[in-house]
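# Structural features, examined
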Amino acid sequence: MWCRRLLSSSLVWARPVAPGGGGHRAHSALAQLTRILESQLDAIRGAGTWKSERIITSKQGPHINVEGSPGGILNFCANNYLGLSSHPEVIQAGLKALEQFGAGLSSVRFICGTQAIHKALEEKIARFHQREDAILYPSCFDANAGLFEALLTPEDAVLSDELNHASIIDGIRLCKANKYRYRHMDMRDLEAKLLEAQKHRLRLVATDGAFSMDGDIAPLREICQLAQKYKAVVFIDECHATGFLGPTGRGTDELLGVMDQVTIINSTLGKALGGASGGYTTGPRDLISLLRQRARPYLFSNSLPPAVVGCASKALDLLMESSAIAQTMAAKTQQFRSKMEAAGFTISGREHPICPVMLGDARLASVMAEDMLKRGIYVIGFSYPVVPQGKARIRVQISAVHSEEDIDHCVRAFVEVGKQRGAIL
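Rules and cut-offs
- Residues numbered from 1 in each chain as written.
- Predicted model: local features only at pLDDT ≥ 70, side-chain atom pairs only at ≥ 80, totals over all residues.
- Heavy atoms only, no water.
- Pairing = 2+ DSSP bridges.
- Helix = DSSP H or I, 4+ residues; strand = E, 2+ residues; numbered from the N terminus.
- Contact = heavy atoms within 4.5 Å.
- Axes fitted to C-alpha atoms, helices over the stretch in contact; angles between N-to-C directions.
- Phe/Tyr/Trp six-rings, centres within 6.5 Å; stacked < 30°, edge-to-face > 60°.
- Lys NZ or Arg CZ within 6 Å of the ring centre and 35° of its normal.
- Buried < 20%, exposed > 50% of the residue type's maximum accessible area, 1.4 Å probe, protein only.

### Quick word on the sheet that holds strand 13 (residues 381-382)
Pairing within the open sheet is antiparallel, and its four strands lie in the order 10-11-14-13. Strand pairing shows two members of the sheet lacking a second neighbour, strand 10 (346-347) and strand 13, which therefore form its edges. The pairing of strand 11 (residues 354-360) with strand 14 (residues 392-397) spans six bridges and is antiparallel. Each residue of the ladder has a partner; that of Val 357, found in strand 14, is Ile 394. Docked against the sheet, helix 16 (residues 362-374) engages strand 11, strand 13 and strand 14, running at close to 35 degrees with respect to strand 14.

### What to know about the packing of aromatic side chains
Aromatic ring pairs: the centre-centre distance and the angle between the two ring planes describe each pair. Within this structure, the stated rule accounts for five aromatic pairs. Pairing Tyr 137 with Tyr 298 gives two aromatic rings, centres 6.1 Å apart and planes at 75 degrees, and the pair type is edge-to-face. Here Tyr 137 is found in strand 3 (residues 133-137), whereas its partner Tyr 298 is found in helix 12 (residues 296-299), with 161 residues between them in sequence. Their ring planes at 75 degrees and their centres at 5.4 Å tell us that Phe 148 and Phe 235 sit as a pair that is edge-to-face. Here Phe 148 is found in helix 6 (residues 140-151), whereas its partner Phe 235 is found in strand 7 (residues 233-237), with 87 residues between them in sequence. Each residue in the set Phe 336, Phe 345 and Phe 414 is aromatic and connected to the rest through ring pairs, giving one cluster. The ring of Trp 50 is capped by Arg 45, whose NZ or CZ atom sits 4.2 Å from the centre of that ring. In this structure, Arg 54 packs its charged tip against the face of Tyr 378, placed 4.8 Å from the ring centre.

### Description of the environment of Pro 62
Note on placement: Pro 62 falls in the loop between helix 2 (22-46) and strand 1 (63-64). In this structure Pro 62 comes out as buried when scored by relative accessible area, which is 17%. Taking the C-alpha atoms as reference points, Pro 62 and Leu 33, separated by 29 residues in sequence, lie 42 Å from one another.

### A short note on the sheet that holds strand 8 (residues 264-268)
What the seven strands build is an open sheet, ordered 3-9-8-7-6-4-5; its pairing is mixed. If you trace the sheet from one side to the other, it starts and ends with strand 3 and strand 5 (178-182), each paired once. Between one strand axis and the next, the sheet turns through 20 degrees on average, direction left out of account. The pairing of strand 4 (residues 157-161) with strand 6 (residues 203-208) spans four bridges and is parallel. By the bridge assignment, Leu 159 is partnered in strand 6 with Val 205. Seen against the sheet, helix 5 (residues 116-129) touches strand 3, strand 8 and strand 9 (279-283) and runs at an angle of roughly 125 degrees to strand 3. Sheet strands in contact with helix 11 (residues 285-294) are strand 3, strand 8 and strand 9, and its direction is about 30 degrees off that of strand 3.

Set out below in structure tokens:
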């Protein structure tokens, strides 16, 4: 009600009523909009899928402070896979870039928004992934929004896993290519779709390397075999793989031995690589050149702030100097998964630090997450529309900087809350 009065009064003083009752019509339209919005919001609350934002009052890390929660909180909900979000050298690199290059460029890249550090980071990303070139975006969502429209025409086809990230789905929607959706990681269905798509000029298979909601990894060997058989190009989104999957953290293509068969990679600087923001595409030089000319999120967005570039660049340096941090992930992930499964929980996916605790019921996921916070564990319940109806879960994410004691504490809290709420016996 307060919102309705505020919006209505703002409308009256900001836009004088015209003769003939125009103000009444505007007020009626606003009242109708408010009723629609209130109805939709009430439905979200009623379904138990309302998403509240908790306020963190400290740096990101395995131990954080949360407004309204006394004492330190163990954080098992961040994409901070390598713990670099608050690494001293990463922070120092960001400060140095801020002092040397300023707060921002106030412009897009091709006008007056490119600095030497942007080009250096792009070269470093390409070298890290063993590709020819790379292009930076404000986020990987933007990288996915820019790729498909710039590359594909009505003569082409794109074949997308049905559980791909929303940014891939939205990017594909923007392009005019013929669209095929294959069942999640179903190679028989993908092959059938590839066979059907042979009539098109170019075929692009698009998949997440690691799927963020379920913690499963795309069968890239099989995908690449089918792509070779049916003359298709392979694209992977590596946001939940870059930096920690594979022997040296290059991602799922390194993990599965197909680095020379995946043509295009999109990924993020906002997770393992410093945790700030930013995304990129890396691949053939000609493709990157085309994106600089045609990708709308690149052409019409300000360049990445220097501090973000500095942080990400240092994160890549640390990763390329040593893969020791990344190599600790497997043991800690196995520790959590095995102990949770022994307690009776169902954990989706395999061998990935994303460990979804499957609960099914949205309200149960929400109340259990709140119970966990009271016990000093920060986790979040995921429900529709973030995940399909009936597949609500609490997504736990293991970081290289979690200690074994941290993980055991988290498991004990889950067991206690799970028994209390009837999730396990």
